[in-house]
Amino acid sequence: MFNSLQDKLDKALHNISGRGKITEINVAETVKEIRRALVDADVNYKVAKDLTKRVQDKALGQNVLTSLTPGQLMTKIVHDELVNLMGGTHEGINLSGKPSVILIAGLQGSGKTTFSGKLANYLKQKRNKKPLLVACDVYRPAAIDQLKILGEQTGIPVYSEEGATNPSAIAENAVKFAKTNNHDVVIVDTAGRLAIDEQMMNEIKSVHYFIKPDETLFVVDSMTGQDAVNTAKAFNEALNFDGVVLTKLDGDTRGGAALTIRSVVEKPIKFISTGEKMEALDVFYPERMADRILG
Ligand code: GDP
């Protein structure tokens, strides 16, 4: 994960490690390299610039007060800033509803259906819940079959309505079904399009309006870099979602989406998906991610 970003940050921090003390000149050089590493990793330019400005101010400000070496000091400052950038602390999902309704939104191919299966599996295995999966993609029968396969693999029932054309009605019926069958969590997988269009946004807004989810999660493919951030903005404007799920972090992603999304849409990343297996799901902790990025 983030190999090239890791290497570049490591190099930038290594250069200052050899210096006896922090000076304005070597901090400025290091900060410039850090900024370049972040921008190369698809971090939004303004986000990278603001972060490195804070790193520079802190490094120069703390110089006399610390017993750390320049390398240790810069690494600590960059680490803390990365944690802050990703939201500081972990934020969980709201499971207080009876049942709790979770709406899954995102573009087609982002990993929604796979994530829906993983989330249901996680809630069953780790949180002792009795989830119901709901197939709401009325355009692609294959998507419904895919969810049913994941349901079979994980032993979680899937609600679907053959031939139905109204996703809001399916979702509402599913919530009623969950109540009568003692499911405490309802996970609604929705249809996605290849790009954002008005019809798609109106449809998901309507599902959102009718089922009033306790939690709306936006799923995004981390490999799509800057586009991931633009898509997040559009979905956030339409749905005011509660959290982000970053998928495909097992692939050759440069890391920009993970580092930029929080500060652009001001919503926390809640889960990261790292593979196609049902167990390949991690709760997101900013601290752990910063540790990984800095190696
Ligand atoms: P949807 O159209 O948004 O429902 O996306 P899918 O769940 O069908 O996923 C699209 C493709 O990405 C499928 O081939 C999945 O197996 C794959 N996929 C989903 N999540 C991950 C992930 O975290 N890592 C990897 N490597 N592949 C994933």
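Quantities reported herein were computed from a predicted structural model and do not represent experimental measurements.

Observations concerning the pattern of salt bridges
- Evaluated as defined, the whole model comprises 13 salt bridges.
- For D57, the salt bridge is made with K53, and the minimal N-O distance between the two is 2.9 Å. You can see D57 and its partner K53 sitting in helix α3 (residues 45–62), 4 residues apart, about one turn around the helix.
- The shortest N-O distance in the salt bridge between R140 and D137 comes to 3.6 Å.
- Given a relative accessible area of 7%, D137 falls into the buried group.
- Overlapping salt bridges, with partners in common, bring together R54, K58 and E81 in one network.

Some remarks on unusual backbone geometry
- For the bond from K98 to P99, the omega torsion is 0°, close enough to zero to count as cis.
- Within the chain, N182 stands out as a residue other than glycine whose phi angle is a positive 60°.
- Checked against the element boundaries, N182 lands in the loop between α7 (167–180) and β4 (185–189).
- Using a relative accessible area of 59% as the deciding quantity, one classes N182 as exposed.
- The phi angle at E266 is positive, at roughly 55°, despite the residue not being glycine.
- Here E266 shows up in the loop between α10 (256–265) and β7 (269–273).

Some thoughts on the UniProt feature "domain: SRP54-type proteins GTP-binding" (unreviewed entry) in the protein
- The UniProt entry lists residues 268–281 under the feature "domain: SRP54-type proteins GTP-binding" (unreviewed entry), expressed in the numbering used here.
- Annotated as 0% helix and 43% strand, the span residues 268–281 places its first and last C-alpha atoms 16 Å apart.

A look at the site of the ligand
- Of all residues adjacent to the ligand, which total 17 residues, the nearest are G109, T113, T114, S273 and E276.
- Note that an oxygen atom of the ligand is positioned 2.6 Å from one of the side-chain N or O atoms of T114.
- In this structure, K248 approaches the ligand through a main-chain N or O atom, which is 3.1 Å from an oxygen atom.
- When the ligand is considered free in solution it has 580 Å² of accessible area, and contact with the protein chains removes 79% of it.
- Among the elements that line the shell around the ligand, the one with the most residues is helix α5 (residues 112–127), at 4 residues.

A look at the pairing of strand β6 (residues 243–247)
- Burial of β6 is extensive: 5 of the 5 residues sit out of reach of the surface.
- On β6, burial covers both faces: G243, V245 and T247 on one face and V244 and L246 on the other are all buried.
- The handedness of the strand β5 (residues 215–221) to β6 crossover, carried by helix α9 (residues 225–239), is right-handed.
- Relative to β7, β6 runs parallel, the two being bridged by 3 bridges.

Here we look at the sheet that holds strand β2 (residues 131–135)
- One open sheet accounts for 8 strands, arranged β3-β2-β4-β1-β5-β6-β7-β8; its pairing is mixed. Every interior strand has two partners, whereas the edge strands, β3 (158–159) and β8 (281–283), have only one.
- When strand β1 (residues 100–106) meets β5, the two strands line up parallel, connected through 5 bridges. In the strand pairing of β5, G106 is matched with V219.
- Running at roughly 175° to β1, helix α8 (residues 198–211) makes contact with β1, β4 and β5 of the sheet.

Quick look at the packing of helix α4 (residues 70–85) against helix α11 (residues 286–293)
- Across the interface, α4 lies against α11 with an axial gap of 8 Å and an inter-helix angle of 135°. Between α4 and α11, the angle falls in the class oblique. Here the hand of the crossing between α4 and α11 comes out right-handed. Listed contacts from α11 to H79, L82 and V83 of α4 are P286, E287, A290, D291 and I293.
- Residues of the contact of α4 with α11, tallied by class, amount to 5 nonpolar, 1 polar and 2 charged.

What counts as what
Residues numbered from 1 in each chain as written. Predicted model: local features only at pLDDT ≥ 70, side-chain atom pairs only at ≥ 80, totals over all residues. Heavy atoms only, no water. Salt bridge = Lys/Arg side-chain N within 4 Å of Asp/Glu carboxyl O. Helix = DSSP H or I, 4+ residues; strand = E, 2+ residues; numbered from the N terminus. Buried < 20%, exposed > 50% of the residue type's maximum accessible area, 1.4 Å probe, protein only. UniProt positions renumbered as here; feature names shortened; annotations may be inferred. Near = heavy atom within 4 Å. Polar contact = N/O pair within 3.5 Å; in protein donor to acceptor, adjacent residues only side chain to side chain. Areas by Shrake-Rupley, 256 points an atom, 1.4 Å probe, with all protein chains shown as cover. Right-handed = clockwise from strand over helix to strand, strands pointing away. Pairing = 2+ DSSP bridges. Contact = heavy atoms within 4.5 Å. Axes fitted to C-alpha atoms, helices over the stretch in contact; angles between N-to-C directions. Parallel < 35°, antiparallel > 145°, perpendicular 65-115°, else oblique. Left-handed = near helix turned anticlockwise from the far one by under 90°. Nonpolar A, V, L, I, M, F, W, Y, C, P; charged D, E, K, R; others polar.

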